[in-house]
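Chain residues, written in single-letter form:
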Amino acid sequence: MSKKHQGRTRAQESSSAIERMYITMRHLFNRGFYKPMGVSGETLREALLLLRPEIYGSIAEEKAELDGLLYVIDRLPRGIEECRFINLTSDEGYSNSHFEVIIPPKRRRNCYRIDEEQMNIEITRGRSEIYDILTHLTFLFIESHKISKRVLINEKGATTRDWVKLEKAVLSNKKLTQKEREIAITHTANILGRTFEELTQVYPLYATKTQPERLLQIVYWLGKLAIQEVVKNVKRTVTFSPVLRERLGHHIHGEIWSDTIKEALKKNDLLERPIHIISANLHSVMNTLHAPKALKTLAAKKDIFEIYESLSDSDNENLRNKVSQQALKSGMIYIKDTSGTNINVQIFDSAKIDFKSIDLDVETPPNEKDAPVIFVMDYAFGEQAYETIDEFLKPYKQGNEKIHLNIESISVMGKAGILEGGKGDIMIPSAHVFEGTADNYPFKNELCKEDLVDQGVDVYEGAMVTVLGTSLQNKEILKFFHDSTWNVIGLEMEGAHYQKAIQSAAKVRNSINPDVKVRYAYYASDNPLETGSTLASGGLGTSGVRPTYLITRKILEQIFN
């Protein structure tokens, strides 16, 4: 009987491409530098082109990818397309220098433009952040070479008329008239292999107040550096600073972060009270507890979810200020991060909250020493979730004395990609599966589907996969997770990391109560299995408001009852 050799499926190919990317990135990091478009970057480029992640759209085609480019540019520092040297550093004191700090609009990280050619990016959130940046840079440089291919006529560097015209428009450095802009868009559309209409539609999405012609500038600089690489062999280089390579994986930032919070709890006599940790955004818990009182007149006229929607509108700064003033008056402690984790914190002492004004089905705590302390931490990023929670759950050291924290529950609420359903739906995980391994973390979730059904939002329950980076997911892998016996309902980046830290503290190190309650719930930011519903297709708008607050309200009701 002849053996049947089965070809590899697209999911298997994609899975091994992700694995190759991670091994390569670790190798390049240990080496200390690499040239993304040289031999050293080849494995990364090939793996990314094989993978063709949803977020990067048409990366493997000849035409340029516009949505993916916008997604990446919003997460990298302004001006990175002009830099030949990109240096990833630890927190090495640049904040005290004359360099202007550049923070990308969609990722909180400090970056510094050192000179014309060099950009430094500060890494304080661990490996996940390095993977994220290297993947984005690989995408950016692949796109830049598509541009050079289309505009170079010969090896000596002669270029097409379109390129000459684009260069003239960009280097004139003036605000273009409508007519000049349309002429420049025509030439750029040719260069990118896109239509005039497509470029006109995305043009305003790239524009900023200071750079109205930003799309033209990005295309020009990406192309210019790629042309230099091809014609003069002057390669772009990514380096990792020696201090970053030495510090990575040692929880340096997480330890400082956690010590600062424990000091604040000690100072306010909250260290020995029952503590409930919530990892979430920094507005939903505060608004749920304090908006009804702070916005009393509005609350009398409007449904509470309409008020939440108004509070999430960036134009309503004054409403938000009223709520935060009320929260601070009622004992909220706000700790702005100085450790480099970029995770700010709020602490609510429920003994100081006016429970009569809260519109939740909750009981007032009987006495102060049993009144819960709610500790809300902003979202962690990937592996950083392990670092921060692992450090926080350790006992507080005071001289020779160790004080074990009385952690009663840990709740994690976040955004995730959904594999059935759509934007704004809710997912309740029963286990976290770690991508690229067979590691899995089942747990008893205090939240269940019944808690959130019939509230105007679809709810799904099942396993969720913790991915190594959202920018690497493609349909084939996700289909495999969804259709196979793993029965995965969604994907996110932190769940397994949180659960790993919680399990080790509760079951192995005995630092916290072994029966600590855990709650996980996510709302869908996108459905990567549907084309046009990926993260690159734009934000949630107000569709995230209802699920966010439904989850928040349920978590608080469980804490206080």
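Just above sits the structure.
Residues numbered from 1 in each chain as written. Predicted model: local features only at pLDDT ≥ 70, side-chain atom pairs only at ≥ 80, totals over all residues. Heavy atoms only, no water.

(A) Here's a closer look at the environment of Ala 207. In this fold, Ala 207 is placed in the loop between helix H7 (196–206) and helix H8 (214–232). For Ala 207, the contacting residues outside a window of four places in its chain are Pro 212 and Arg 214. (Helix = DSSP H or I, 4+ residues; strand = E, 2+ residues; numbered from the N terminus. Contact = heavy atoms within 4.5 Å.)

(B) Region of interest: the side chain of Ser 339. You can see Ser 339 is positioned in the loop between strand E8 (333–335) and strand E9 (345–349). Under the relative-accessibility criterion, Ser 339 is labelled buried at 4%. When near neighbours in sequence (up to four residues on either side) are disregarded, Ser 339 contacts His 253, Ile 256 and Trp 257. (Buried < 20%, exposed > 50% of the residue type's maximum accessible area, 1.4 Å probe, protein only.)

(C) Focus on helix H14 (residues 317–329). Compared with the 18 Å implied by 1.5 Å per residue over 13 residues, the 18 Å span of H14 between its first and last C-alpha is a close match. Along H14, the positions that sit buried rather than exposed are Leu 319, Val 323, Ser 324, Gln 326 and Ala 327. Taken down its axis, H14 places every buried residue within 155° of arc, on the same side. On its buried face, H14 is in contact with helix H11 (284–294), helix H12 (296–301) and helix H13 (304–312). After H14 finishes, the residue Gly 331 shows a positive phi value of roughly 90°. (Expected span 1.5 Å × (residues − 1). Arc of directions from axis to C-beta.)

(D) Fine view of the pairing of strand E13 (residues 407–418). The element E13 is largely enclosed, with a buried count of ten among its twelve residues. Here E13 pairs with strand E18 (residues 517–526) via nine bridges, running parallel. Its bridge partner being in E18, Ser 411 is matched across the sheet by Arg 519. (Pairing = 2+ DSSP bridges.)

(E) Seen up close, the pattern of salt bridges. Per the stated rule, a full pass over the model turns up 27 salt bridges. Note that Asp 370 and Lys 369 form a salt bridge whose closest N and O atoms lie 4.0 Å from each other. Shared partners join several salt bridges into a network, and the residues in it are Arg 107, Arg 109, Glu 129 and Asp 132. (Salt bridge = Lys/Arg side-chain N within 4 Å of Asp/Glu carboxyl O.)

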